[in-house]
Amino acid sequence: MSGQRSMHPVDVANRVIDSGMAESPHNRVTHELSVIEDDVAVIESFSHCWVVDTGEGLVCWDASGVQSGPTVVAALRQWTDRPVHSLVYTHGHVDHVGGSGAFVADAQGRGDPRPRFLAHEAVPARFERYRATNGWNLAINRRQFGGIRNPAKLGIGGDGPRFLTDDVAEPDETFRDHMSFTVGDRTFELRHARGETDDHAWGWDAERRTAWTGDFTSWVFPNAGNPQKVQRYPIEWAAAMRDMLAVGVERVYPAHGLPIVGRQRVEIVLGDIAEALEHLTGRTLDLMNEGASIDEIIHTVRVPDHLADRPWLAPQYDEPEFVVRNVYRQFGGWWDGNAANLKPAPEAAVAAEVVGLAGSVEALVDRAQALVEAGDVRLACHLVEMAVAAEPEHEGAQRARADVYWHRRAAERSLMSKGVYAAAARESEDALGEDAAGDSIAASIRGSLG
Ligand SMILES: [Zn+2]
């Protein structure tokens, strides 16, 4: 919070979009408030909080996370004393709702009325799901951000920490397809579309041609594939981009990344997102309809070359291969098409057979290391997994597994892949009696993204 102010987000965005060249980072968490229009500001956080001063109270879009909420509210209060009239959850992910308790506390502390919380009607069900799967969500989020998942070791069972904290405000008003609301001199429309989630809303101010887009635009490759989370909707995501373009959006105010100002820039970025998703989903469905297996599909379908280097599609969080899998899951179920995998033998039993045929665990480990040297880390991972599954107590196998996954991690771009591979490496280090959890905890505490 001290020192020089960050560059104005619109200036950064304009430069990146106009040049097509990446500058990093685009997903800034400065906790600084930037005035975007006289009566519109954003606090760039984890997620951002957008604020509209209507003259009769503030309308906010997203509450940021539980850790960042108080900092966001403090930044807001440097800008204005007006009460928060309404706060829209663009969706129910914890980095968008977790800070709501800080907004309620702010209102209480100032003697203002409690803010009204607005959201899609599926948000309360999401909150219920988070409570029912608390330990699971804590564990997978730790792994997504590179931490190991052992719940006993991390104290996340029973009365441990809550993935959805108890002070998160339930929505006061919900809607199904769309609703509009007026505060002061501003009228906003909320529209539902599935994309990253089943409960996503985007806001539309027709007069100002402004859309609050939540995670529909996030300045990373769309989070529509996430390997550890529930179904996402890449086809509907692309359709939402087309809808935004069709209504005439000229200003895009996202919950992560940078504002997109000007119709041409909006067309470029939203058009690219739509095109990338349409291509991935269309090719995947074509191949499914031709009878292809998921194995064939993930090794065939790619983002078109001309979109590969777009700064707003960088696979730094999620990645295209996972989106392809999500399309397959959405329409094809969980079975991978390999008949042995329909009702498989235990992995350890399969691995023991292979080790027996190879002659020893060392044979697998040596081959895995040779494959890493030859640059085929994908294949090497299978061999170290088998080595460890066959003989979990084998030190050389655990050591090789850790090494292979650290190599694998270094070669990946997406945080989700890096996280899973780091977690695997740390699990092997943990099995070797090395302190694996330590430095992953800080990352996992922040690990509350969708
Ligand atoms: Zn988000």
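Residues numbered from 1 in each chain as written. Predicted model: local features only at pLDDT ≥ 70, side-chain atom pairs only at ≥ 80, totals over all residues.

**A closer look at the overall build of the protein**
Link 1 in the chain: Within the protein one finds 17 helices and 13 strands.
Link 2 in the chain: For the protein, whose C-alpha radius of gyration is 23 Å, the value lies close to the compact-globule estimate of 22 Å for 450 residues.
Link 3 in the chain: Its C-alpha atoms give the protein principal-axis dimensions of roughly 75 × 50 × 40 Å.
Link 4 in the chain: Sequence-distant contacts in the protein: of pairs separated by 6 or more residues, those separated by 24 or more amount to 69%. (Helix = DSSP H or I, 4+ residues; strand = E, 2+ residues; numbered from the N terminus. Rg over C-alpha atoms; globule rule 2.2 N^0.38 Å. Contact = placed C-beta atoms within 7 Å.)

**A word on the nonpolar core**
Link 1 in the chain: In terms of nonpolar packing, the biggest core is built from 118 residues, with Cys60, Met241, Ala368, Val384 and Ala387 touching the most fellow members.
Link 2 in the chain: Sorting elements by how many residues they give to this core places helix H9 (residues 263–289) first, with nine residues.
Link 3 in the chain: Ala368 has contacts with Ala380, Leu383, Val384, Ala400 and Val404, leaving out every residue within four places of it along the chain. (Core = buried A, V, L, I, M, F, W, Y, C linked by C-beta atoms within 7 Å. Buried ≥ 20, exposed ≤ 12 C-beta atoms within 10 Å, placed from the backbone.)

**Description of the domain arrangement of the protein**
Link 1 in the chain: Domain boundaries assigned for the protein yield domain 1 (9–128 + 140–273) and domain 2 (340–445).
Link 2 in the chain: Measuring from the centre of the C-alpha atoms in domain 1 to the corresponding centre in domain 2 gives 37 Å. (Domains from an automatic or database assignment.)

**What to know about the pairing of strand S8 (residues 178–183)**
Link 1 in the chain: Across six bridges, the pairing between S8 and strand S9 (residues 186–192) is antiparallel. Paired with Val183 across the bridge in S9 is Arg186.
Link 2 in the chain: Counting the residues in the hairpin turn of S8 and S9 gives two residues, including Gly184, whose phi is positive at 60°. (Pairing = 2+ DSSP bridges.)

**Let's talk about the packing of helix H13 (residues 361–374) against helix H14 (residues 377–390)**
Link 1 in the chain: In the contact formed by H13 and H14, the axes pass within 8 Å of each other and the chain directions differ by 160°. By the angle between their directions, the pair H13 and H14 is classed as roughly antiparallel. Of the two elements, H13 crosses H14, and the hand of that crossing is left-handed. Facing H13, whose interface residues are Val361, Leu364, Val365, Arg367, Ala368, Leu371 and Val372, H14 presents Val377, Leu379, Ala380, Leu383, Val384, Met386, Ala387 and Ala390.
Link 2 in the chain: Grouping the constituent residues of the contact of H13 with H14 by class yields 14 nonpolar, no polar and one charged. (Axes fitted to C-alpha atoms, helices over the stretch in contact; angles between N-to-C directions. Parallel < 35°, antiparallel > 145°, perpendicular 65-115°, else oblique. Left-handed = near helix turned anticlockwise from the far one by under 90°. Nonpolar A, V, L, I, M, F, W, Y, C, P; charged D, E, K, R; others polar.)

**Topic: the sheet that holds strand S3 (residues 49–53)**
Link 1 in the chain: Reading across the sheet, the seven strands line up as S1-S2-S3-S4-S5-S6-S7 and stay open at both edges, with mixed pairing between neighbours. The open sheet has two edge strands with one neighbour each: strand S1 (33–37) and strand S7 (173–175). In this sheet, adjacent strand axes meet at a mean angle of 20° when their direction is disregarded.
Link 2 in the chain: As paired strands, strand S6 (residues 116–120) and S7 are joined by three bridges and run parallel to one another. Of the residues in S7, the one forming a bridge with His120 is Phe175.

**Looking at H13**
Link 1 in the chain: Across its 14 residues, H13 extends 20 Å between first and last C-alpha, which sits within 8% of the 20 Å expected from 1.5 Å per residue.
Link 2 in the chain: Taken residue by residue, H13 has Val361, Leu364, Val365, Ala368 and Val372 as its buried positions. Down the axis, H13 shows its buried residues gathered within 100° of arc, on one side only. Exposed residues lying more than 90 degrees from the buried face of H13 are Ala370, Glu373 and Ala374.
Link 3 in the chain: Where H13 is buried, its residues meet helix H12 (347–358), H14 and helix H15 (395–411).
Link 4 in the chain: Just downstream of H13, Gly375 is the residue with a positive phi angle, here 90°. (Expected span 1.5 Å × (residues − 1). Arc of directions from axis to C-beta.)

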